[in-house]
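# Overview (structure and organization)
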Amino acid sequence: MQTVKIDNIEVFVSKKAIKKIYLKIRHLDKKVFLSVPLRTPNNFILKFLESKKDWIHTKLKECINNENFIKNESYEDNSTHYLWGMAYTLDVVVNSYRTDIFVDGQKIVMQIAKNADVDRAKLLQKLYKKELDSVLPKIVEHCENIVGVKCNEFHIKNMKTRWGSCNVLKKRIWLNLQLAKKPPKCLSYVVTHELVHLLEASHNARFHALMDKFYPNWRLVKDDLNSQNYG
């Protein structure tokens, strides 16, 4: 992999056994990646990036706006939060008899015990963890049956730069806690993505072909996953 700069933006360029050019920005860490066919001349790469620099700037701005939204996320009463792609109103009940969080209709009810020092962000993460725990076993099993491989274990953690990760040797999968905000199809896509890595470790042409086979509309779901539509 080589790197080139366009308007002081570093682009990671990979020449692969593919037929099409793929330009993408990883929203979680704002890195720009370009995949091109093996024999693509370097001067063509520079011209292509030059033609796409406005698009790159626009997408990077969207990433920054989304990052600022997350940093400034409010946990006050009547603020909006997302669960499985749906918007919920936060209902904060202070001086409750206990600290708890749960879903009630279109509300996320956050109960805070009297005089309790509560990290509201972590309390909301507790809800996300509970929701993911309730659906993951069935989703993993379903995706395993489609891909034809099984992982030895899967876990959830809050990640800043990835939606998921896979230890191929140990067949261990990690999934981002923030996936609970996204539509269920996004979780299925990430699980499938990580399972496919047990068949192909790299993001090469074979990997993409396997994704096309096991999750035909994965590119559309990936775009939805990285959008700002769900907080």
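Sequence order sets the numbering: in each chain, residues are counted from 1 along the sequence as written. Residue-level local features of this predicted model are given only where pLDDT is at least 70; pairs of side-chain atoms are given and counted only at 80 or more, and the full residue set underlies all totals for whole chains, interfaces and linings. Water and hydrogen atoms were dropped before computing side-chain values, which therefore reflect all heavy atoms in the structure.

### A few points about the sheet that holds strand 4 (residues 31-37)
Strand pairing requires that DSSP identify at least two bridges connecting the strands. In DSSP terms, a helix is any run of H or I states spanning at least four residues, a strand is any run of E spanning at least two, and both are numbered starting from the N terminus. Strand order in this open sheet of four strands is 1-2-4-3, and the pairing throughout is mixed. Of all strands in the sheet, those with a lone pairing partner are strand 1 (2-6) and strand 3 (22-26), marking the two edges. Strand after strand, the sheet turns through a mean of 30 degrees between neighbouring axes, direction not considered. Inspection of the sheet shows strand 1 paired to strand 2 (residues 9-16) by five bridges, in the antiparallel sense. The partner of Val4 across the bridge, within strand 2, is Val11. Sitting on the sheet, helix 1 (residues 42-51) is in contact with strand 1, strand 2, strand 3 and strand 4, with an inclination near 40 degrees to strand 1. With axes taken as lines fitted to C-alpha atoms, and helix axes fitted only over the stretch in contact, angles between N-to-C directions fall between 0 and 180 degrees. Contacts are assigned to residue pairs that have any heavy atoms within 4.5 Å of one another.

### With respect to the pattern of salt bridges
Close approach of charged atoms allows side chains with opposite charge to pair. For this document, the term salt bridge refers to a Lys or Arg side-chain nitrogen within 4 Å of an Asp or Glu carboxyl oxygen. Here the structure, examined in full by the defined rule, presents nine salt bridges. A salt bridge links Glu144 to Lys150; its shortest N-O distance comes to 3.6 Å. With a closest N to O distance of 3.4 Å, Glu153 and Arg172 form a salt bridge. Of the two residues, Glu153 is situated in strand 9 (residues 153-157) and Arg172 in strand 11 (residues 172-176); the sequence distance between them amounts to 19 residues.

### What about the side chain of His81?
Mapping His81 onto the fold places it in strand 5 (residues 80-83). A 1.4 Å probe rolled over the protein chains alone gives each residue an accessible area, and that area as a share of the maximum for its type sets the label: buried under 20%, exposed over 50%, partly exposed in between. Given a relative accessible area of 1%, His81 falls into the buried group. At 3.2 Å, the side chain of His81 and the side chain of Ser79 are in polar contact. For the purposes of these results, a polar contact is taken to be a pair of N or O atoms within 3.5 Å, where, inside protein, one atom must be able to donate a hydrogen and its partner to accept one; residues adjacent in sequence count only when each atom of the pair is a side-chain atom.

### Details of the layout of surface pockets
Using a 1 Å grid laid over the protein atoms alone, points where a 1.4 Å probe fits but cannot get out form a cavity; open sets with protein on both sides within 12 Å along at least 5 of 7 lines form a pocket; any residue with an atom within 4 Å of a point counts as lining. Grid points are joined across faces, edges and corners, and a volume is the space filled by probe spheres set on the points. Its boundaries defined by the atoms lining it, the largest pocket holds a volume of some 1300 Å³. Along its surface, the largest pocket is lined by 43 residues, and Lys24, Arg26, Tyr189, His193 and Lys222 are the ones closest to its centre. If you list the elements that add at least two residues to the lining of the largest pocket, you get strand 2, strand 3, strand 4, helix 2 (53-71), strand 10 (164-167), helix 4 (184-196), helix 5 (205-214) and helix 6 (218-225). Side-chain classes are defined by residue name, with Ala, Val, Leu, Ile, Met, Phe, Trp, Tyr, Cys and Pro counting as nonpolar, Asp, Glu, Lys and Arg as charged, and the others, Gly among them, as polar. Class assignment for the residues of the lining of the largest pocket results in 20 nonpolar, 13 polar and 10 charged.

### Focus on the environment of Asn95
One can find Asn95 in strand 6 (residues 86-96). Residue class for Asn95 comes out exposed when judged on its relative accessible area of 51%. Setting aside anything within four residues of it in sequence, one finds Asn95 in contact with Ile112, Ala113, Lys114 and Asn115.

### What to know about the confidence of the model for the protein
For every residue, the predictor reports its confidence as pLDDT, a number between 0 and 100. Residues at a pLDDT of 70 or more form 93% of the protein, whose mean pLDDT is 89. Under a pLDDT of 50 for its full length, residues 68-72 has, in the predicted model, one contact with residues more than four places off or in other chains.

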